[in-house]
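# Chains, contacts and geometry: an overview
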Amino acid sequence: MTGEGADESTADWAATVERVRDAVRRHSARFEHAIPLIASENLLSPYAKELLVSDFHSRYAEGLPGERYYEGNEQVDEVERICLDLAKRLFRCSFADVRPISGTVANMAVLKALADPGDLVGTCRLADGAHISSAAFGAFGLRGVKPVYYAWDDARMTIDVPRTREILRAVRPKLCLFGLSLFLFPLPVRELAPTLEEVGARGWYDGAHVLGLIAGGEFQDPLHEGCVVLSASTHKTLPGPQHGILLGQTDDAEVTKRLTSGAFPGVTSNHHLHAMAALAVSLAEHLAFGRAYARQVIANARALGQALHERGFDVLAPDLGFTRSHTIAVRVVREGGGEAVAKRLADAGIIANKNLLPGDTSPRHPGGVRLGTPEVTRVGMREKEMAGIAELMDDLLHRGRSPAEVARAAAELKAPFRGVQYCFGAGEAAYRYYDLVGHPPS
Ligand code: DSN
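In short, a report on the structure.

Conventions used here
Residues numbered from 1 in each chain as written. Predicted model: local features only at pLDDT ≥ 70, side-chain atom pairs only at ≥ 80, totals over all residues. Heavy atoms only, no water. Pairing = 2+ DSSP bridges. Helix = DSSP H or I, 4+ residues; strand = E, 2+ residues; numbered from the N terminus. Axes fitted to C-alpha atoms, helices over the stretch in contact; angles between N-to-C directions. Contact = heavy atoms within 4.5 Å. Salt bridge = Lys/Arg side-chain N within 4 Å of Asp/Glu carboxyl O. Buried < 20%, exposed > 50% of the residue type's maximum accessible area, 1.4 Å probe, protein only. Phe/Tyr/Trp six-rings, centres within 6.5 Å; stacked < 30°, edge-to-face > 60°. Lys NZ or Arg CZ within 6 Å of the ring centre and 35° of its normal.

## Looking at the sheet that holds strand E10 (residues 202–206)
Spatially, E4-E12-E11-E10-E9-E5-E6 is the arrangement adopted by the seven strands of the open sheet, whose pairing is mixed. Of all the strands in the sheet, just strand E4 (95–97) and strand E6 (146–149) have a single pairing partner and so form its edges. Put simply, the sheet's adjacent strands are angled 25 degrees from each other on average, direction ignored. Pairing analysis gives three bridges linking E10 to strand E11 (residues 229–233), with the strands arranged parallel. Considered in E11, the bridge of Asp206 is made with Ser231. Docked against the sheet, helix H3 (residues 74–90) engages E4 and strand E12 (244–248), running at close to 135 degrees with respect to E4.

Below, the structure written as structure tokens:
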């Protein structure tokens, strides 16, 4: 049936719509059969996913609950208040703002609130695992702040405290960012907090990668170790919707006021109300299931590191058990380099990403791959399956088994693990394409 406003080319556009739907269906099927190891990805629970197609998607709600610039927001206010309460409870903190629409946008809000153009801001280098927010071509550049780089300890894959103290004392940055995209170990926030106080710098933690581990009590607790603000995306180890969050622990009303206006009107207009509602569900589910999930995510990452190490892979930080988080880093220079290895793995149904590692000399030729366990854990895999994944990688990259053969074995390994776990409605098909209208458009 043709809707109102159809013209003679409607059939062509309908075919285009169907092509898009078909590509997304094929994508879902591909991931259903794959071993997804991207450290920054995860799966939504069915109750959170449902809200993404709710009427909240169609609405605006600028401002704060009870102080909106639009009418019709009573239920939005109700949900946002629940979401804010859950966030403060989960992170044991005094301030939350759930309006940033991504982790990068949350970082921009912090920079808007707590730094001015020309200020010095402490951070790690990209090659040591920092997020692109702290690059000149990212949020730092956009705000016009200048990075001050911490010293790095390659062997321990964390900030070198004594040398960084010297840098901070010499340079006296205004703000110090702690956060990584290659996040293997807790960062020394507690150890550096007295130096930050001494030089008059505020501590800021980008917890996007480890948010679910912090909430689950299995990582550090930066808001109680010396950071005034934690910014994050909400869809990595916290298995929520693609969204952002600001959390704070401070008595300084000026800081929370500045963060609030940094979020809106600083870096958002509308704040994607459907995602905010889904976040409320994900936070409640993390309060119910997050501890067990966080524990297993880390146990799986350590097991994967150990199994790869035993098969001759150069997994970083072997003396420290490879990781205390959801991520391991593998130097794959012997296997052909990060780019070639990530592509070969993808051909074999193992989805990961190339990654710069400390010591890499060219950003164009990353020496490693980053492997993460949030999603495989979310579908119920445990240590035994991590050994199975390592075996597949060994077959592919050391024993010359073809990508097609390994892809078949990967699909077999995955077959019992297609339901989403650690949530209400557990067991629901994790990769289901929600076909709301069924037939091809006509
Ligand atoms: N790009 C994400 C990651 O993969 O770490 C962070 O935003």
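## Concerning the pattern of salt bridges
Applying the stated criterion across every chain yields a total of 25 salt bridges. Asp55 is the partner of Arg59 in a salt bridge, and the nearest nitrogen-oxygen pair spans 2.7 Å. Given the relative accessible area of 40%, Arg59 is considered partly exposed. Take Asp55: its relative accessible area is 45%, and that puts it in the partly exposed class.

## A word on the packing of aromatic side chains
Taken as a whole and judged by the stated rule, the model has seven aromatic pairs. Ring plane angle 20 degrees and centroid distance 5.3 Å describe the contact between Tyr60 and Tyr70, whose orientation is recorded as stacked. Pair noted here: Tyr60 is in the loop between helix H2 (46–52) and strand E2 (63–64) and Tyr70 is in the loop between strand E3 (67–68) and H3, with a separation of 10 residues, a long-range link. What makes Tyr70 partly exposed here is its relative accessible area of 32%. Plain terms: the ring middles of Phe289 and Phe424 are 5.0 Å apart, the flat faces sit at 75 degrees to each other, and that makes the pair edge-to-face. In this pair, Phe289 is assigned in helix H10 (residues 273–310) and Phe424 in the segment after helix H14 (403–414), connecting sequence segments 135 residues apart. A network of ring pairs unites the aromatic residues Phe183, Tyr205 and Phe219 as a single cluster. For Arg432, the ring lying beneath its charged end belongs to Tyr434, and the centroid distance is 4.2 Å.

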